[in-house]
Amino acid sequence: MPEVLKAPLVVEFPFTRSLGPVQSAFLTGLRERVVLGVSTRDGRTLVPPVEYDPVTAEEIRDLVHVGITGTVTTWAWNHEPRRGQPLDTPFAWVLVKLDGADTALLHALDAPGPDAVRTGMRVRIRWAEERCGAITDIACFEPYDGDDSAVTVHAGEFEDPVHGIVAQARLDYTYSPGRAQAAYINALAEHRAVGERCPACRKVYVPPRGACPTCGVATSEQVEVGPAGTVTTFCIVNIKAKNLDIEVPYVYAHIALDGADLALHGRIGGIPYDQVRMGLRVEPVWTEGGRFPDHFRPTGEPDAQYETYKELL
Amino acid sequence: MMREIAVIAFAQSDTLRSTAEVSEVEMLMPVLHDVVAQTGLKTADIGFTCSGSCDYLAGRAFSFTLALDGVGAWPPISESHVEMDGAWALYEAWTKLLSGDADTALVYAYGKSSPGSLRDVLTRQLDPYYVAPLWPDSVALAALQAQALIDAGDTDEPELATIGARSRATDNPRAQLKGPVPQGDYLVRPLRTGDCPPIGDGAAAVVLAAGERARELCERPAWIRGIDHRIEAHSLGVRDLTDSPSTRLAAERAGAFERPVDTAELHAPFTSQEVVLRKALRLDDSTRVNPSGGALAANPMMAAGLARIGEAAARIHRGESDRALAHATSGPCLQQNLVAVLEGDPR
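Rules of the game
Residues numbered from 1 in each chain as written. Chains lettered and ligands numbered in written order. Predicted model: local features only at pLDDT ≥ 70, side-chain atom pairs only at ≥ 80, totals over all residues. Heavy atoms only, no water. Helix = DSSP H or I, 4+ residues; strand = E, 2+ residues; numbered from the N terminus. Rg over C-alpha atoms; globule rule 2.2 N^0.38 Å. Buried < 20%, exposed > 50% of the residue type's maximum accessible area, 1.4 Å probe, protein only. Areas by Shrake-Rupley, 256 points an atom, 1.4 Å probe, with all protein chains shown as cover. Lys, Arg positive; Asp, Glu negative; His and termini not counted. Charge placed at Lys NZ, Arg CZ, Asp CG, Glu CD. Phe/Tyr/Trp six-rings, centres within 6.5 Å; stacked < 30°, edge-to-face > 60°. Lys NZ or Arg CZ within 6 Å of the ring centre and 35° of its normal. 1 Å grid on protein atoms, 1.4 Å probe; cavity = no way out; pocket = protein on both sides within 12 Å on 5 of 7 lines; lining within 4 Å. Points joined across faces, edges and corners; volume = space filled by probe spheres on them. Pairing = 2+ DSSP bridges. Contact = heavy atoms within 4.5 Å. Salt bridge = Lys/Arg side-chain N within 4 Å of Asp/Glu carboxyl O. Polar contact = N/O pair within 3.5 Å; in protein donor to acceptor, adjacent residues only side chain to side chain. Nonpolar A, V, L, I, M, F, W, Y, C, P; charged D, E, K, R; others polar. Axes fitted to C-alpha atoms, helices over the stretch in contact; angles between N-to-C directions. Parallel < 35°, antiparallel > 145°, perpendicular 65-115°, else oblique.

## Some details on the overall build of chain B
Now for step 1: Each helix and strand in chain B was counted, giving twelve helices and twelve strands.
Now for step 2: Over its C-alpha trace chain B gives a radius of gyration of 19 Å, about what one expects of a compact globule, namely 20 Å for 347 residues.
Now for step 3: Taking the principal axes of the C-alpha coordinates as reference, chain B spans close to 50 × 45 × 40 Å.
Now for step 4: Of all 347 residues assigned to chain B, the portion counted as buried reaches 65%.
Now for step 5: For chain B, the accessible surface area stands at approximately 12,000 Å², while carbon and sulfur atoms represent 52% of it.
Now for step 6: Charge separation in chain B, taken as the distance between the mean sites of 32 positive and 46 negative side-chain charges, equals 2 Å.

## Comments concerning the packing of aromatic side chains
Now for step 1: One pass over the structure, following the stated rule, counts six aromatic pairs over all chains.
Now for step 2: Where Tyr-306 of chain A meets Tyr-309 of chain A, the ring centres are 5.6 Å apart and the plane angle is 85°; that geometry is what we call edge-to-face. Of this pair, Tyr-306 of chain A and Tyr-309 of chain A both sit in helix 3 (residues 306-309), three residues apart, roughly one helical turn.
Now for step 3: Using a relative accessible area of 5% as the deciding quantity, one classes Tyr-309 of chain A as buried.
Now for step 4: Lying over the aromatic face of Phe-15 of chain A, Arg-17 of chain A brings its terminal NZ or CZ to 4.8 Å of the ring centre.
Now for step 5: In this arrangement the basic side chain of Arg-124 of chain B is found over the ring face of Trp-135 of chain B, its NZ or CZ atom lying 3.6 Å from the centre.

## Quick look at the layout of surface pockets
Now for step 1: Of the voids in this model, the largest pocket is the one considered here, and its volume is about 760 Å³.
Now for step 2: Listed by contribution, the elements that provide at least two residues to the lining of the largest pocket are helix 2 (178-189), strand 18 (250-257), strand 19 (264-268) and strand 21 (295-298) of chain A.

## Remarks on the sheet that holds strand 8 (residues 222-231) of chain B
Residue and element names in this part refer to chain B.
Now for step 1: Taken in spatial order, the ten strands of this open sheet run 3-2-4-7-1-8-12-11-9-10, and their pairing is mixed. Here the strands that pair on one side only, and so sit at the sheet edges, are strand 3 (79-82) and strand 10 (288-289).
Now for step 2: Bridge count for strand 2 (residues 48-52) against strand 4 (residues 104-111) is five bridges, and the pairing is parallel. Each residue of the ladder has a partner; that of Phe-48, found in strand 4, is Ala-105.

## Digging into the interface of chain A and chain B
Now for step 1: With 65 residues of chain A in contact, the opposing surface of chain B contributes 51 residues.
Now for step 2: With a shortest N-O distance of 2.7 Å, Arg-209 of chain A and Asp-69 of chain B are connected by a salt bridge.
Now for step 3: Here chain A is connected to chain B by 20 residue pairs in polar contact (both at pLDDT 80 or more).
Now for step 4: When the residues that make up the side of chain A that touches chain B are grouped by side-chain class, the tally is 37 nonpolar, 19 polar and nine charged.

## Things to note about empty space enclosed by the protein
Residues and elements named next belong to chain B.
Now for step 1: All told, the structure shown has one cavity of 30 Å³ or more when counted by the stated rule.
Now for step 2: Considered as a void within the structure, the largest cavity measures approximately 80 Å³ in volume.
Now for step 3: Lining the largest cavity are 13 residues, and of these Gln-12, Thr-15, Asn-172, Ala-298 and Arg-308 lie nearest its centre.
Now for step 4: Taken together, the elements giving at least two residues each to the lining of the largest cavity come down to helix 11 (294-297) and helix 12 (304-317).
Now for step 5: In terms of residue count, the dominant contributor to the lining of the largest cavity is helix 12 (three residues).
Now for step 6: For the lining of the largest cavity, the per-class residue count stands at five nonpolar, five polar and three charged.

## Points about unusual backbone geometry
Residue and element names in this part refer to chain A.
Now for step 1: Following Val-206, the chain continues into Pro-207 via a peptide bond in cis, with omega recorded as -10°.
Now for step 2: Inspection of the secondary structure assignment puts Pro-207 in the loop between strand 13 (204-205) and strand 14 (211-212).
Now for step 3: Following Val-248, the chain continues to Pro-249 via a peptide bond in cis, the omega torsion being -10°.
Now for step 4: Position of Pro-249 among the secondary structure elements: in the loop between strand 17 (229-237) and strand 18.
Now for step 5: At Ala-57, a residue that is not glycine, the phi angle is positive and equals roughly 70°.
Now for step 6: Locating Ala-57 in the fold gives a position in the loop between strand 3 (45-46) and strand 4 (62-66).
Now for step 7: Take Ala-57: its relative accessible area is 55%, and that puts it in the exposed class.

## Looking at the packing of helix 4 (residues 86-98) of chain B against helix 12 of chain B
All names here are of chain B.
Now for step 1: Taken N-terminus to C-terminus, the directions of helix 4 and helix 12 make an angle of 60°; their axes are 6 Å apart at the nearest point. Here helix 12 runs oblique to helix 4, going by the angle between their axes. Together, Gly-86, Ala-87 and Leu-90 of helix 4 and Gly-305, Leu-306 and Ile-309 of helix 12 make up the contact between the two elements.
Now for step 2: Its residues assigned to classes, the contact of helix 4 with helix 12 shows four nonpolar, two polar and no charged.

## Focus: the environment of Ala-303 of chain B
All names here are of chain B.
Now for step 1: Inspection of the secondary structure puts Ala-303 in the loop between helix 11 and helix 12.
Now for step 2: Looking at Ala-303, the relative accessible area reads 0%, which means it is buried.
Now for step 3: In sequence terms Ala-303 and Pro-245 are 58 residues apart; their C-alpha atoms lie 24 Å from each other.
Now for step 4: Each residue touching Ala-303, except ones within four places of it in the same chain, is listed here: Asp-85, Ala-109, Tyr-110, Gly-202, Ala-203 and Ala-204.

## Some details on the pattern of salt bridges
Now for step 1: Under the definition given, this model contains 50 salt bridges over all chains.
Now for step 2: In this structure, Arg-126 of chain A engages Glu-142 of chain A in a salt bridge whose closest nitrogen and oxygen atoms are separated by 2.7 Å. Of the two residues, Arg-126 of chain A sits in strand 8 (residues 122-127) while Glu-142 of chain A sits in strand 9 (residues 138-143), which places them 16 residues apart along the sequence.
Now for step 3: Judged by relative accessible area, which is 29%, Arg-126 of chain A ranks as partly exposed.
Now for step 4: Exposure remark for Glu-142 of chain A: the relative accessible area of 17% places this residue in the buried category.
Now for step 5: A salt bridge links Arg-215 of chain B to Glu-212 of chain B; the nearest nitrogen and oxygen atoms lie 3.3 Å apart.

So this is what it looks like as structure tokens:
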């Protein structure tokens, strides 16, 4: 079996999320070093606060000012912090019931080691130096054996409240295309196009994905197709894509390679965009050292007759 | 009267740490062919198809649509998908069969954990406002639950080690971890590597059939006597982590407490979660728990819950069980729970 193809795949996005009135008050409060909970009709105080009672589903928005000190209800020692976690030195994950609250908040506890942590221990919030209205405005908790902090009713009104958060997320993957697509990619690097034939319906799929979507069976018989093909349909792209160094307008087309029963996608170059047409005969163009065709250009042959490609539209 | 519906076939892949040499559909297809072949049906005979998977595992949007190539989706079929464990896809298929819209259903699920870093990937299923920005990983959250159980006196580390060892003492040829597995070092204390599931890629599939169709296609159908799923409040700090009221309620609604079960296939990815589930389901030593090894022996994401139903059903097919309970979970710390009660015809 040839070497398995692998490439890094990074999925990264700044999720922009809007906040409801209770979430907005809570996160704005953190920015101002104030912790707010929300009262349920039966008198429980939920911290972190939610907009609907998890038991009755009733809308709730009576804000209560709770303490910045609290009690650990359970913990777990994390000796190898991971990317994005609150501390980069070993710490304890903790659920903390803040003074005045009936539910617990998840965060990190900065402690010298697991022997310094126990359920029931007293802790206090350590604020982040720069705060913007996010859960990370709490840098972490720290051990604290002073007095309980005062708990009062709070209107939850602040100047310039936050109405949204931007939650950065990045995940790193190693992408492997699998057997069929790896064979296709490897052949392209050798300036060849390889499809796979379905053993049942005999159709040739390019690029092959290892399965015939019509018959639901594995494809395995490799078939060399192309290199030339026919434009079956196309569109003119007028919007420049980010990070794409191609002048607009350009043409993006479906191209049925000779011998293939499925059209693939490709950019058409070497011809003015407004002269591309259905039936145009094209061939792939590799740039120097390229592992795949950069674009397709006209071969100069006469156009293909509609009858020859109408099934591939 | 409600239609009788049964699991009539089950197939699964080996669960492997990496399957980089095959795509998702290439991994899935042998399992689909296996499960359909067991029934003698052709793909075109299947009335409804439902799948479970999660795009975040592969890092690609709509990855499940490519997996459909392995089903044979042309001419158009009646199909649906859930973005979670395939056990919930089975629930959807069960309702479809109950409604009389179909007599047979194919349910499949798959997950490749190997392309990404699973502990990080799973943080993206958490509350995005208050929890996900802290990136607490799946092991850390399970460890908080384990410590709560230890503090409550419900278990201790030696008992957890016993659960891990018993689960891996399985003869299941599809399992990823088998035989004596060292309990290992702390991953996130109090959980050691042996308390945690192996990370693996795999797929599972079952076929459901209704009434007489099930009897025609299977010698001893595993009748679904009841099935229900329930969810906990999403905030961990609101919940009593030592208990699973959602599992108990689902079990009650599924009829699990009406008579004892001889077998229970529990989807407990962490040893400590088996303690919670045993209590919620009132299981004592008279019930054989996880003869397949459960999720501690193989935990293909999105397929492990469906595999629990499949394993329980397969034991009924083979005559090794008469009344079995299957449980599936999804989300952190047993957030969502599904319970099915399966029975074979009296012998």
